[in-house]
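Observations on the model geometry
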Amino acid sequence: MTKENILKEGILEQYVLGELSATEEQAIEQLRMSDKNIASELEVIETNFEKIGLENAIAPPVGVKVNLLTKVSNSNESVEEKPNSYKFWLGIAASFAAFFLLSSIWLYSELNSVKQDFEIVNQTKEALQEDLEGLTENYNETNKWYAAISNPDTEQYILRGNIKSPEAKIVSYVNHTNKIVIVNTEKLPELDQDHDYQMWADVNGEMINMGVISKDKQLMVMNYIDNAESLNITIEPAGGNDHPTVERLISNVYLD
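The rules behind the values
Each residue is numbered by its place in its chain's sequence as written, counting from 1. With the structure being a predicted model, the display of local features is reserved for residues of pLDDT at least 70 and the display and counting of side-chain atom pairs for 80 or more, all residues being used for whole-chain, interface and lining totals. Only hydrogens and water are set aside; all other atoms, that is, all heavy atoms of the structure, feed into the side-chain values. The helix and strand labels rest on DSSP assignments: H or I over at least four residues marks a helix, E over at least two residues marks a strand, and numbering proceeds from the N terminus. Relative accessible area decides the class of each residue, using a 1.4 Å probe on protein chains only: under 20% of the type maximum gives buried, over 50% gives exposed, and in between gives partly exposed. Residues count as neighbours in contact if any of their non-hydrogen atoms are within 4.5 Å of one another. All accessible areas in this document rest on Shrake-Rupley with a 1.4 Å probe, and a residue is counted as covered only by the protein chains that are shown. Criterion used throughout: strands pair if DSSP finds at least two bridges between them. Angles here are taken between N-to-C directions and fall from 0 to 180 degrees, while the axes themselves are lines fitted to C-alpha atoms, restricted in helices to the stretch in contact. Whenever Lys or Arg places a side-chain nitrogen within 4 Å of a carboxyl oxygen from Asp or Glu, that contact is recorded as a salt bridge. Confidence of the predictor at the level of single residues is captured by pLDDT, which takes values from 0 to 100.

1. Here's the deal with the overall build of the protein
From N to C terminus, the protein includes six helices and eight strands. Mapped in sequence order, the helices and strands of the protein form the string α-α-α-α-α-α-β-β-β-β-β-β-β-β. Within the protein, the fraction of its 256 residues that count as buried is 26%. Excluding contacts between residues fewer than 6 apart, the proportion of contacts in the protein whose partners are at least 24 apart in sequence is 55%. A total accessible area of about 17500 Å² is found for the protein, and carbon and sulfur atoms account for 53% of it.

See below:
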């Protein structure tokens, strides 16, 4: 038994309740003498058990007390003549003490059970709260995308892949009134870790950066560029480039 196991697995409580084997009890007693933390923890547990027993003690019947006092004060009978009588009452007293101890053990066990149930309820509540917050966030995000895409002023443009990437297909949503560009990249082929897709706007023959397309998002907002004549997608080094690599242009579409 390590010290950590003893403290975490309730072995000290079992020791106080007399539930350990003789070998285990001897080990705990040795630890109590050599380890101040163990000794202190045992004192706390014993004190708590004593408090629980006293708080839940049940007064014995009045008749027991009267009979016991009568027997003790009876000077006409010697101890030698009535040894069994005293043993009888002492047995009753011991029975009450045992009853109080068992009641205390049961109550302690019930308190621990209630505490564990309370902790489980709290954990479940926190998990449900996190799920609710996640669902609310997803709902708000979905509503935002839907509102932007379904806006009557939003126009849809499809950028189809050229011979360098024939399977590529990007759907873009452009709203010139609100100056928003949204792209759906679900059908963009995956790239290795050393390269990224980058979007460009052609303004009077000059390619202006609209942003790097994220590898882990299907819908994302790109930079809106005024007076753009076309949208273009190139493959660039990871993190993007200052100027487009024209020979790696994979798709473009002209805006109306």
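2. Some points on the sheet that holds strand β1 (residues 154-160)
Spatial ordering of the open sheet is given by β1-β2-β3-β6, a layout of four strands whose pairing is antiparallel. The open sheet is flanked by β1 and β6 (219-222), the only strands paired with a single partner. Averaged over all pairs of adjacent strands, the angle between strand axes in this sheet comes to 25°, irrespective of strand direction. When β1 meets strand β2 (residues 169-175), the two strands line up antiparallel, connected through seven bridges. Counterpart to Q156 in the pairing with β2 is Y173.

3. What to know about the sheet that holds strand β5 (residues 206-213)
Strand order in the open sheet made by the four strands is β5-β4-β7-β8, with antiparallel pairing throughout. Of all strands in the sheet, those bounded by a partner on one side alone are β5 and β8 (249-254). Shown here is a sheet whose adjacent strand axes are inclined to one another by a mean of 25°, direction ignored. One ladder, built from seven bridges, connects strand β4 (residues 195-203) with β5; its direction is antiparallel. If you follow V203 over to β5, its bridge partner there is E206.

4. Topic: unusual backbone geometry
Unusually for a residue other than glycine, K179 sits at a positive phi of about 55°. Note that K179 resides in the loop between β2 and β3 (180-187). Located in the positive-phi region is N227, a residue other than glycine, with phi close to 60°. Within the secondary structure, N227 is located in the loop between β6 and β7 (230-237).

5. Details of the pattern of salt bridges
Applying the stated criterion across every chain, the model contains three salt bridges. A salt bridge links E46 to R32, with the nearest nitrogen and oxygen atoms 3.0 Å apart. Of this pair, E46 sits in helix α4 (residues 36-55) while R32 sits in helix α3 (residues 22-34), and the two are 14 residues apart along the sequence. On the basis of relative accessible area, R32 is assigned to the partly exposed category, the value being 27%.

6. Focus: the confidence of the model for the protein
The predicted model of the protein has a mean per-residue pLDDT of 78, with 67% of residues at 70 or higher. Segment residues 78-83 is flagged for pLDDT under 50; beyond a separation of four residues in sequence, or across chains, it makes three contacts in the model.

7. Let's talk about the environment of I158
Here I158 is to be found in strand β1. Expressed as a C-alpha distance, the spacing of I158 and V253, which sit 95 residues apart in the sequence, is 7.0 Å. Residues contacting I158, with those up to four places away along its chain left out, are K169, I170, V171 and V253.

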